[in-house]
Amino acid sequence: MSTQTHDRLLIIDFGSQVTQLIARRLRESNIYCEIHPFNKVTAESIRAFAPKAVILSGGPASVTEPDSPRAPQELFEMGLPIFGICYGQQVMMEQLGGKVESGHHAEFGRAFVEPAGNHENDPIFAGLFENGPEEVWMSHGDRVTEMAPGFEIIGTSPNAPYAIIADADRKFYGTQFHPEVHHTPNGARLLKNFTDMAGFTGDWTMGAYKEQAIAEIREQVGDAKVICGLSGGVDSSVAAVLIHEAIGDQLTCVFVDTGLMRKGEADEVISMFRDNYNIPLVHADESELFLGELEGQSDPETKRKIIGKLFIDVFEKHAKSVGGAKFLAQGTLYPDVIESVSFSGGPSVTIKSHHNVGGLPERMDMELVEPLRELFKDEVRALGRELGLPASFVGRHPFPGPGLAIRCPGEITRQKIDILREADAVYMDQIRKHGLYDDIWQAFVAILPVRTVGVMGDGRTYDFACALRAVNSVDGMTADYYPFTHEFLGETATRIINEVEGINRVTYDITSKPPGTIEWE
């Protein structure tokens, strides 16, 4: 999708685990930005992208190592405002004549930066140091030991003497800390000041995006047919409604019902699309096939691969029944795009494989329509609201592609999936009844691969245990457990044990992310 009508900011990614957070902070200020891996960026590609400013991200490498990542040297001659973060600051110093050294005291976590220069005259530092030292989040081993010519110190910390540096004449700035993370309370303000100084007007709005996306879908598709793989989740649903608004009945949705959705969810999806939006919909009820293939499987990766392969097979079969479609629509989001074009083949450890229909376009000889590929999750929700999707649907908690299969650690059986579905329904009812749903990022039940002894009435039971999970998060990258009251947990446990046959013990998972993940598999 073309974004030439918007002010654009380029983030050059050196492999930091939190680079996406830079983009999130900027998008919150209605600024369009893209993340490009350093090894894909050239002077020519920067000119073609035509940014108004550039941010250099952090990264795991050491500037002192041979062949460590660099920015194109020409970047510093283009007259663009540049902001370097952590490794980005260090690489800027190294390339402009400063000095970076290893072997100093590493610094990870909270630190406090004292003012050390004349920050009052530069608008980028407006609002900083008003109440004394700035709390920041550090994560570095190397550090700058000598500034490049033209720079001055603005802030310093005990383990980072050049914590904030600036060359106001060239509009080059650098921080050793990470302003993009929430642990740097004034970090978002610092980035906003930078983009204000660079002349951004904040023209990235969902209303403008919707109109632009509709026009470009029409231009791409023409009078051809489009099929959309509908999972029932927010992303594919928003994509489908957007495309339908652009091309009407040229779109047919194929909803693959895997039998792994939450209670009543399949009926809700069918009703919304057929009744509310009058979008042509093929309901492919393949629950017996999926549950049959998964029966007895216990390895998480095996489960994901079975689901992914079956989804492609089933989708292909039903899509062919539509006939004559030239385009395949997907709800691909920007984080998926970033991960697929990664730093040096992958800056981050692969935590788990993703369930998607990535193999379909080649197999079916179709072109892709991906109208959400520039958006983050909360932007998709905003677009959904712009399109008039029900707030209760747009605001639903995230749900994984493999569905309940990865909330069933250990061996999968139809019985366990049914028990899990019922327990999850009770848990969600409790959360809604207590008015907590919108306060929680994600909540679900996991059925555990153990049976426990219990007593119900005068009889002995030997049934499954389950774990309740609820987390608070801003972006899903880090999360902390939701602090339910003991009264809520006790009431919920009682209801699940009384109402769900097959569970006799309920636990609450209080693990944060990291070290855990949000889902159990």
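Residues numbered from 1 in each chain as written. Predicted model: local features only at pLDDT ≥ 70, side-chain atom pairs only at ≥ 80, totals over all residues. Heavy atoms only, no water.

### Considerations on the packing of helix α8 (residues 287-294) against helix α9 (residues 300-322)
Phase 1 of the analysis: Packing of α8 against α9 brings their axes to within 10 Å, and their N-to-C directions diverge by 150°. With respect to α9, the element α8 is oriented roughly antiparallel. Crossing geometry of α8 relative to α9 is assigned as right-handed. Every residue of α9 that contacts α8 at L289, F290, E293 and L294 is listed here: K303, I306, I307, L310, F311 and V314.
Phase 2 of the analysis: Here the contact of α8 with α9 is composed, by residue class, of 8 nonpolar, no polar and 2 charged. (Axes fitted to C-alpha atoms, helices over the stretch in contact; angles between N-to-C directions. Helix = DSSP H or I, 4+ residues; strand = E, 2+ residues; numbered from the N terminus. Parallel < 35°, antiparallel > 145°, perpendicular 65-115°, else oblique. Left-handed = near helix turned anticlockwise from the far one by under 90°. Contact = heavy atoms within 4.5 Å. Nonpolar A, V, L, I, M, F, W, Y, C, P; charged D, E, K, R; others polar.)

### Quick notes on the nonpolar core
Phase 1 of the analysis: Counting 47 residues, the largest nonpolar core has Y427, I431 and F484 as the members making the most contacts within it.
Phase 2 of the analysis: Elements that contribute at least two residues to this core include exactly β13 (251-257), α8, α9, α14 (414-433), β17 (442-456), β18 (459-472), α15 (486-499) and β20 (503-508).
Phase 3 of the analysis: Here this core takes 8 residues from α14, the largest share from any one element.
Phase 4 of the analysis: When residues no more than four places from it in sequence are discounted, the contact partners of Y427 are A443, F444, V445, L468, R469, A470, F484, F488, T492 and Y508.
Phase 5 of the analysis: Counting residues in hydrophobic clusters, the runner-up holds 45 residues, among them C228, A239, A240 and V241. (Core = buried A, V, L, I, M, F, W, Y, C linked by side-chain atoms within 4.5 Å. Buried < 20%, exposed > 50% of the residue type's maximum accessible area, 1.4 Å probe, protein only.)

### A few points about the side chain of D424
Phase 1 of the analysis: Along the chain, D424 turns up in helix α14.
Phase 2 of the analysis: Reaching out from D424, the side chain makes a polar contact with the backbone nitrogen of V445 at a distance of 3.3 Å.
Phase 3 of the analysis: Filtering out sequence-adjacent residues up to four positions away, D424 remains in contact with R262, F444 and V445. (Polar contact = N/O pair within 3.5 Å; in protein donor to acceptor, adjacent residues only side chain to side chain.)

### Concerning the confidence of the model for the protein chain
Residues shown with low pLDDT carry predicted positions that ought not to be read at fine detail.
Phase 1 of the analysis: Here the protein chain shows a mean pLDDT of 87. Residues at 70 or above account for 91%.
Phase 2 of the analysis: Throughout residues 341-359 the model reports pLDDT below 50, and contacts reaching past four residues in sequence, or to other chains, amount to 35 contacts. (pLDDT = per-residue confidence, 0-100.)

### A short note on the sheet that holds β13
Consider a sheet: its strands pair through backbone hydrogen bonds, and that pairing is either parallel or antiparallel.
Phase 1 of the analysis: With respect to topology, 5 strands assemble into an open sheet ordered β14-β13-β12-β15-β16, the strand pairing being parallel. Among the strands making up the open sheet, the edge pair consists of β14 (281-285) and β16 (367-369). Between one strand axis and the next, the sheet turns through 30° on average, direction left out of account.
Phase 2 of the analysis: Bridge count between strand β12 (residues 225-230) and β13: 5 bridges; the pairing is parallel. If you follow L230 over to β13, its bridge partner there is F255.
Phase 3 of the analysis: Of the strands in this sheet, β12, β15 (325-329) and β16 touch helix α5 (residues 206-221), which is tilted by about 165° from β16.
Phase 4 of the analysis: Sheet strands in contact with α9 are β12, β13, β14 and β15, and its direction is about 145° off that of β13. (Pairing = 2+ DSSP bridges.)

### Re unusual backbone geometry
Note: most residues except glycine have negative phi, and most peptide bonds are trans.
Phase 1 of the analysis: Geometrically, the link from K513 to P514 is a cis peptide bond, its omega value of -15° lying close to zero.
Phase 2 of the analysis: Look at the link from P514 to P515: it is a cis peptide, with omega at 10°.
Phase 3 of the analysis: Along the polypeptide, P515 turns up in the segment after β20.
Phase 4 of the analysis: A positive phi angle, close to 55°, is found at A50, a residue other than glycine.

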